[in-house]
2 protein chains.
Amino acid sequence: MKVQKQIASAGYVSNGFINRWQRLIKDTVIPYQYEVLNDRAEGAEKSHVVQNFINAGKALRGEDIGDGFYGMVFQDSDAAKWIEAAAFSLISYPDKELENTVDELIDIIAEAQDEDGYLNTYFTIKDREKRWTNLLEAHELYCAGHMTEAACAYYEATGKDKLLKVMERNAEHIYKLFIIEKHEGYPGHPEIELALMKLYRLTGNKHCLELAEHFVNVRGVDTDYYAKEKLQRDWTVWGNNAEDKYYQQNFAPLKEQSDAVGHSVRAVYLYTGAADVASENGDTELLAACRRLWESITRRRMYVTGGIGSSLNGEAFTVDHDLPNDTAYNETCASIGLMFFASRMLEADVDGEYADVMERAFYNTVLAGVQLDGTKFFYCNPLEVIPGISGVASTHWHTKTQRPGWHACACCPPNAARLISSIGKYAYGENESTCYCHLYAGGGISFANGVKLCCETEYPYGFTVKYRVEQGSGRMAVRVPAWSSRYSVVKNGIVVEVTPEKGYVYVDISDGDELILTLDDTPRYVYASNDVPELTGCTAIQRGPLVYCFEGADNGDILPLALKRGGKLTVSDERTEQLDGAVKITAEAYRSEHSGSLYSFAPPAECPCEAVAIPYYTWGNRGENQMRVWMTEVR
Amino acid sequence: MKVQKQIASAGYVSNGFINRWQRLIKDTVIPYQYEVLNDRAEGAEKSHVVQNFINAGKALRGEDIGDGFYGMVFQDSDAAKWIEAAAFSLISYPDKELENTVDELIDIIAEAQDEDGYLNTYFTIKDREKRWTNLLEAHELYCAGHMTEAACAYYEATGKDKLLKVMERNAEHIYKLFIIEKHEGYPGHPEIELALMKLYRLTGNKHCLELAEHFVNVRGVDTDYYAKEKLQRDWTVWGNNAEDKYYQQNFAPLKEQSDAVGHSVRAVYLYTGAADVASENGDTELLAACRRLWESITRRRMYVTGGIGSSLNGEAFTVDHDLPNDTAYNETCASIGLMFFASRMLEADVDGEYADVMERAFYNTVLAGVQLDGTKFFYCNPLEVIPGISGVASTHWHTKTQRPGWHACACCPPNAARLISSIGKYAYGENESTCYCHLYAGGGISFANGVKLCCETEYPYGFTVKYRVEQGSGRMAVRVPAWSSRYSVVKNGIVVEVTPEKGYVYVDISDGDELILTLDDTPRYVYASNDVPELTGCTAIQRGPLVYCFEGADNGDILPLALKRGGKLTVSDERTEQLDGAVKITAEAYRSEHSGSLYSFAPPAECPCEAVAIPYYTWGNRGENQMRVWMTEVR
C-alpha cells in the first residue's frame, strides 16, 4: 500500500473532451453563477449571497445592515463554491478579469470576518449569540469548510493568500473552540473535515490535521449529542429530527460503522474526510472502516451510473439492493462526493477499483447533471423517466423530465462546476516514485517530480490514449479499467508486455517516450445481481465508461422495446454533434404491439426492430421524452 | 339498461368456499373485534369505543363523563362496522347470544343520541359547540353513515328497529341542517351518501334520497368550501391541507370529473354513493360521470389483483399507469370500496364487466387482507415483497412482510368482516323479471320474487357451478366472466345454446330445474399493457378469478426465477389445506445463477427449473419470505 497525494491541478491543462466541458464551465456556468450571486440573473431565484457578506461587514463595523440576511442558513457556501470553481478554472485558463472579480469578492468576504476569526453571515447579521448552538442544522462548519476549500484553490491558482489567511484564522477560531475549550459536538453536515485536510496539506498547520481528526473521530461517540443540543436551544432552522442517528451518521463512532446510511451527500463527504485523515495519520482502523463503507456503497447501494442515495426521503441511502430506477434520487452532488471519496481511497491505496468508480460517477451521473449548453441542471438523476408519471406522481415529483434552472438551494450546479474545473486532480496523482494516470484526461500535465506528460485521446469516444513524455523520467502507472477485457500498451512502437497490478500497469518512462494505451472499445451488455429486485430480467449497455440509455427522441415509445439477449450492438460511425459529439449505439431489439386493455391473456405480438441508445449523460437535451437505462430482454 | 336492486342478503346462506370465510368471520373475527371494542383483547391497541358511547350518554344526562373520549375522531365507526358485520352474520347464522350482545350495544348507543338527533361521541363528550365546524377532518358524516349502514343491516337481520329509528332521527337532524337550514359543505370522507341510499330504500323516506343527492351533487361546486371552513375554525384534527382538492375529490362537481383521484377509499365510497343516486333518480349525466370514473380506475389505475390507490402519499390514486409492485399501497378498504362501486354500477347497468372487477377485487386483494386464521390483517397489499427492503426502506415502510394485528385505526379488518359476511348482496341480484347470479357463491338463495335456488360449487377451485331451482320459476341470468374463454350451460342434462349478452346468459327456469355452468379452468399467463412502465417484460398467472403469486416458501430465492413464455402450467391435483385448500400451479421456469458482483458483463447462466405459484390471497401465511406476482419472462 502506497500513499500517493493528489498533485496540484496547476499541473493540468485540458484538451479534447474534458476541455469542452471545462470551457463550458468557464464560459457559461461561472459567469452565469456570478450573476446569480449578485441577483442579476434573469429567471434565477434570489441569492443575495454577496449582499449577505457586505451586510455582515457592515454589522461588524456597527453600520446599518441594510436589508439584513436573506437565503438559506448555508447561503455563504454558494460564494465559496463559486470562488473554488473560478480558481480551478483560472489554473487552466488565466483570465485577468475573472481574477479581479474574485479578488473583489474576497475583499468583501474578508470584511465579514469577525475579529475572533469567526466567519458566517447568517449569525453575524442575525444573531451573534446563537453561534455554535445548533451544529445539527445551522451549517456553520459546512460553510467554513467550503470557504476553506475555496481559499486553498485560489491560493493554488494565483498564489494570492488573502482568503487563505482569512480561513487559517477561521480554522484557529474553530480549533480554539472545539479543541482548547472542548466545545462538544460535530458537524450536522460534514465537509469541514476534508477541507481542513486540504488546508493542512497546503499550510502544514498541525492544528488543521488535529481538528479534522477530532471531527472524524468524535462523531457518534456521544450519539445523543444532537438531542442534548436541541434541548439547550430555543430555536430551529428546519425542525430536523435530532434523533435520526442514521440520517446524521452518528449512530456509532465512524470506526465502528459498516453500512453507508443517511443523507448521501453528508455521508460521502464524511467518508472522504475520514479517508483523508486515515491516509495521513496511518490510522488503519479508520481506513478499514472507510473500506467497509466503500464496499457498502459500491457493492450493494450504487446504481450502474454511479448514482447513490436512492431515496427521496432524506436524499438518502436506504438498504442494500434497493435501487429503483424511476424514483431514484441520486443527487448530482452525491456522485461528486463519491468521486471525492474514491480519490481519497486511491491516495490511501492505489487500486483501480476506486478509479473505476470515480470514472463511472463522472462520465454518467456527474456530467448528466449539466445540460449540454451549461444553462440547466439536474439535481436528481433517475434511470427511468416517463412523462406523465415522472415529475407528476407524488412519489416522482423530484424526477424531472427536463433539467430545471438554478434553484435557490443551488448545491449541484456550483458543485459540478468546481468538480469539472478541477478534474485534473482526480485524473492524475503521484508519489515519490510514480506518476499516476487514473483517468484518461486529454491535456498537458506537470508532475511535482518534474515529469511532464501530454495526453491525447478522444476518450470516452476513442479508446486509444497516447501519452508523450515531454520532460523528465521515472515510473508511470496507467490504469487499465476493469471494464476493459483487453488492452495493449505500446511504448515507442513496441508492445510492452505488462500485466496490471491492482488495475495499473507500471512502465518506466524517459523524456521523449511515447506510450499508447489501447482499451477495449466493444459495447457490452450489463447485468445486475439478482439481489436487486428492480433489475431482474433487465440489461443495460455500456461502452467504455459510458452507460447508455434509450430515449424517445431516437426510438418513439420505448416502453414496448425489449433488447435481444446477445444481439449485435452496432457502434455508429458518426458523432452526434448535438449531443456532445456522442457516439450512438444501435441494438437488436423487439417491439411489442400495444394491447388495447390494461390486462390481457394474449402475449403481445412482437417484431424485430432496432433500438438506438445514447450515452446516459446526454439524455434530456432534446425536449421532454421517455428515457430508460435498464431494458427488458428477450432471451 | 335495466335497473336491478340488490336483494336482501337475508336470502343467502352460504356453503363451500364462501362458508369457510363467513364462518371465520363469525367464529374468530367478530368475537375478537368485540373484545377489542371493549378493551379486553390482549395485544390490541386501546379502542375505548364502547366506553365512548357510555360516556357520551353520561354527558347528555349531565353525569360525570368519567375518562372522557379516547381514540380517533372517527372511533364511533368501529362500533358501527362491528354491528354491521354481526348483523350480516346473524342473517346466515342465527346466534341468540350474539344478538343479545348487539342489542346491549345498541341500547348504549341510543343513550348517546342527543335530543335533536345528533349522534357522535367525540363532539358530545369533548365539545358540543364544535359540531359541524370541521367537515374536512372530523368525520361526523362518515360516522353517521357507518351507523346508518349498521342500523339497516341489523333491521334486515332481526327486524329490530331500535337502531334504525335512532339513525332515522339522526338523518332528519342532518337533513334539517344541510337542506332546511342550508348549512354549507360536504363530507370530508364520503360514506353517508351510500348509507342514506340504503336507509331510503329500506324506509322509503324521501329526505334520505334528497340528502344523498345533495351531498353527491354539491361536492366541488364551491371548490373553496374547505378553505373557507378552515378560516372559520380555530381548531384542527390533523392539520389536513384544505387546498388539496384532488385528495378531497372536490376540484370540480362530480358530474364534471373524469379521473379517479385522491384518497382512494374516499373516492370509491363517493362514486358508490353517486352511482346509487344515479340509478335511483335516473340522472344520466351523473351516471355518465360514474362510468368515466369507473373506466379511469379499471382501465388505467387498477392492479391485476383489483388493488387500487397505488401511492402511500395520501393512500391515494396517482396518475395513469403508475402501478409500482413493491410500494403499492392498495389498501384493503379501497378494494372493498371498489366492490361497492362495482355493485352499484351493476345495479344501474347489468354488465359483466362490473362483476368481473368485483370478483377480481374480492378473490385477490380483499381476501388477502385477512390471515387465513382470521387473526391478522393486511392494510396494504403490494404485489412484491422482499424482506430486507419491504417494511424497512423508508419508501416501503407500509408494505409489511407479515400481516400485522389489529391497529388503533382498524378500518380494514371490520370492513373485510362486514364485506365477507354480506357477500350474498354482491353475488346475487334481481329485478322484476330476472334473478341475477353475479358471483359464484355456493349456498341457498331466496329471491324476493319467490324463486329459491341452491348453488353448489367448489369455486374458485372448481369450475362447475350447479344451480338447483328449489322453488318458483322465471328468468335467471348467470354471468360468464370475460376471463373464461369457453363455457357451457347445461339445463336438466341438455346443453343450452346461449350466447352471453354483456356478460350474462339468460335462461328460463322452473321449479326443479338443474342448471350447470362450466367455466374455463385453464391457467393463463397475464400480460399488462405496455403503458405500465413497471410491468414491461413481465407476466403473471391467473386461473379463474385467482391471480397467483410466487412465494419463497415454495421456491427458495424467487428473484433469480423467470417464467418461460408459453411454458406449461401444471395445476396440482391436491388441495393445500394449510393454504385455505388452495390449488398450486407449477410453471416452467429458469433459474439464473447469482453473479458475485453488483454489475457484470456476463449474462447470468440459467437452468430450466420449475416454479410453484399459489393464489395471491394466500400469501404471507407461512412466515416471512419473498413474494412476487409479476415475474420476468424468458421468451
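Keep in mind that what you see is a predicted model, and the values were worked out from it rather than measured. (Residues numbered from 1 in each chain as written. Chains lettered and ligands numbered in written order. Predicted model: local features only at pLDDT ≥ 70, side-chain atom pairs only at ≥ 80, totals over all residues. Heavy atoms only, no water.)

1. Details of the side chain of Thr121(B)
Residues and elements named next belong to chain B.
Part 1 of the argument: Of note, Thr 121 is situated in helix H5 (residues 121-126).
Part 2 of the argument: Exposure remark for Thr 121: the relative accessible area of 0% places this residue in the buried category.
Part 3 of the argument: Apart from the residues lying within four places of it in its own chain, the contact partners of Thr 121 are Asn 52, Phe 53, Ala 56, Phe 69, Asp 76 and Lys 126. (Helix = DSSP H or I, 4+ residues; strand = E, 2+ residues; numbered from the N terminus. Buried < 20%, exposed > 50% of the residue type's maximum accessible area, 1.4 Å probe, protein only. Contact = heavy atoms within 4.5 Å.)

2. Concerning the environment of Leu338(A)
Residues and elements named next belong to chain A.
Part 1 of the argument: Mapped onto the fold, Leu 338 is located in helix H13 (residues 332-348).
Part 2 of the argument: Overall, the relative accessible area of 0% leaves Leu 338 in the buried class.
Part 3 of the argument: Counting along the chain gives 50 residues from Leu 338 to Ala 288, while the straight-line C-alpha distance between them is 17 Å.

3. Structural notes on the pattern of salt bridges
Part 1 of the argument: In this structure the tally under the stated criterion is 106 salt bridges over all chains.
Part 2 of the argument: Taking the shortest distance from any N to any O, the salt bridge between Arg418(A) and Glu149(A) comes out at 2.9 Å. Remark: Glu149(A) occurs in helix H6 (residues 140-158) and Arg418(A) occurs in helix H15 (residues 412-421); sequence separation between them is 269 residues.
Part 3 of the argument: With its nearest N and O atoms 3.6 Å apart, the salt bridge here joins Glu606(B) to Arg565(A). Residue Glu606(B) is located in strand S21 (residues 606-615), and its partner Arg565(A) is located in the loop between strand S17 (561-564) and strand S18 (569-571); the two belong to separate chains.
Part 4 of the argument: Each member of the salt-bridge network shares a partner with another, and the members are Arg201(A), Asp276(A), Glu280(A), Arg344(A) and Glu347(A). (Salt bridge = Lys/Arg side-chain N within 4 Å of Asp/Glu carboxyl O.)

4. Focus: the interface of chain A and chain B
Part 1 of the argument: Tallying the contact residues gives 62 residues for chain A and 62 residues for chain B.
Part 2 of the argument: In total, chain A and chain B occlude about 4700 Å² of area from one another, counting both sides; carbon and sulfur atoms represent 55% of this.
Part 3 of the argument: Counting the surface chain A buries against chain B, the share from its top three residues, Leu598(A), Tyr599(A) and Phe601(A), is 19%.
Part 4 of the argument: Run the count over chain A and chain B and you get 4 salt bridges.
Part 5 of the argument: Between Arg635(B) and Glu606(A) there is a salt bridge, with the nearest N and O atoms lying 2.7 Å from each other.
Part 6 of the argument: On inspection of chain A and its partner chain B, the count reaches 23 residue pairs in polar contact (both at pLDDT 80 or more).
Part 7 of the argument: Contributing elements (two or more residues each) for the side of chain A that touches chain B: helix H12 (284-300), strand S14 (524-528), strand S20 (599-600) and strand S23 (631-634) of chain A. (Buried area = accessible area lost by both parts, 1.4 Å probe. Polar contact = N/O pair within 3.5 Å; in protein donor to acceptor, adjacent residues only side chain to side chain.)

5. Side note on the nonpolar core
Part 1 of the argument: The biggest cluster of nonpolar side chains holds 216 residues, and the ones touching the most others in it are Ile83(A), Tyr467(A) and Trp630(A).
Part 2 of the argument: The element that contributes the greatest number of residues to this core is H13(A), accounting for 11 residues.
Part 3 of the argument: Setting aside residues up to four positions removed in sequence, Trp630(A) forms contacts with Val304(A), Asn325(A), Leu383(A), Val526(A), Tyr527(A), Ala528(A), Leu535(A), Cys538(A), Thr539(A), Ala540(A) and Tyr599(B).
Part 4 of the argument: Counting 215 residues, the second-largest nonpolar core is a separate cluster that includes Ala112(B), Val350(B), Cys435(B) and Val629(B). (Core = buried A, V, L, I, M, F, W, Y, C linked by side-chain atoms within 4.5 Å.)

6. As for the packing of aromatic side chains
Residue and element names in this part refer to chain A.
Part 1 of the argument: Evaluated as defined, the whole model comprises 66 aromatic pairs over all chains.
Part 2 of the argument: Note on Phe 178 and Phe 215: the rings are 5.0 Å apart at their centroids and 70° apart in plane angle, and the pair reads as edge-to-face. Linking Phe 178 in helix H7 (residues 162-180) with Phe 215 in helix H9 (residues 206-218), this pair joins segments that are 37 residues apart in sequence.
Part 3 of the argument: Ring geometry for Tyr 428 and Phe 447: centres 6.0 Å apart, planes at 85°, overall edge-to-face. (Phe/Tyr/Trp six-rings, centres within 6.5 Å; stacked < 30°, edge-to-face > 60°.)

7. Examining the packing of H9(A) against helix H11 (residues 264-281) of chain A
Residues and elements named next belong to chain A.
Part 1 of the argument: Between H9 and H11, the shortest axis-to-axis distance is 10 Å and the interhelical angle comes to 125°. The orientation of H9 with respect to H11, classified from their angle, is oblique. Pair H9 / H11 crosses with left-handed handedness. Only Gly 273, Ala 274, Val 277, Glu 280 and Asn 281 of H11 make contact with H9, whose side of the interface consists of Leu 209, Ala 212, Glu 213 and Val 216. (Axes fitted to C-alpha atoms, helices over the stretch in contact; angles between N-to-C directions. Parallel < 35°, antiparallel > 145°, perpendicular 65-115°, else oblique. Left-handed = near helix turned anticlockwise from the far one by under 90°.)

8. Here's the deal with the domain arrangement of chain A
Residues and elements named next belong to chain A.
Part 1 of the argument: Per the domain assignment, the segments of chain A are domain 1 (278-421), domain 2 (428-519) and domain 3 (524-634).
Part 2 of the argument: Between the C-alpha centres of domain 2 and domain 3 the distance comes to 34 Å.
Part 3 of the argument: Contacts between the two partners involve 7 residues from domain 2, matched on the other side by 15 residues from domain 3.
Part 4 of the argument: Here domain 2 packs against domain 3, burying approximately 780 Å² in sum over the two surfaces, 57% of which is carbon and sulfur. (Domains from an automatic or database assignment.)

9. As for unusual backbone geometry
All names here are of chain A.
Part 1 of the argument: Here the amide bond leading from Tyr 459 into Pro 460 is cis, since omega sits at 10°, within 30 degrees of zero.
Part 2 of the argument: Structurally, Pro 460 is set in the loop between strand S7 (452-457) and strand S8 (464-471).
Part 3 of the argument: Positive phi, close to 45°, is recorded for Asn 330, a residue that is not glycine.
Part 4 of the argument: On the secondary structure map, Asn 330 appears in the loop between H12 and H13.

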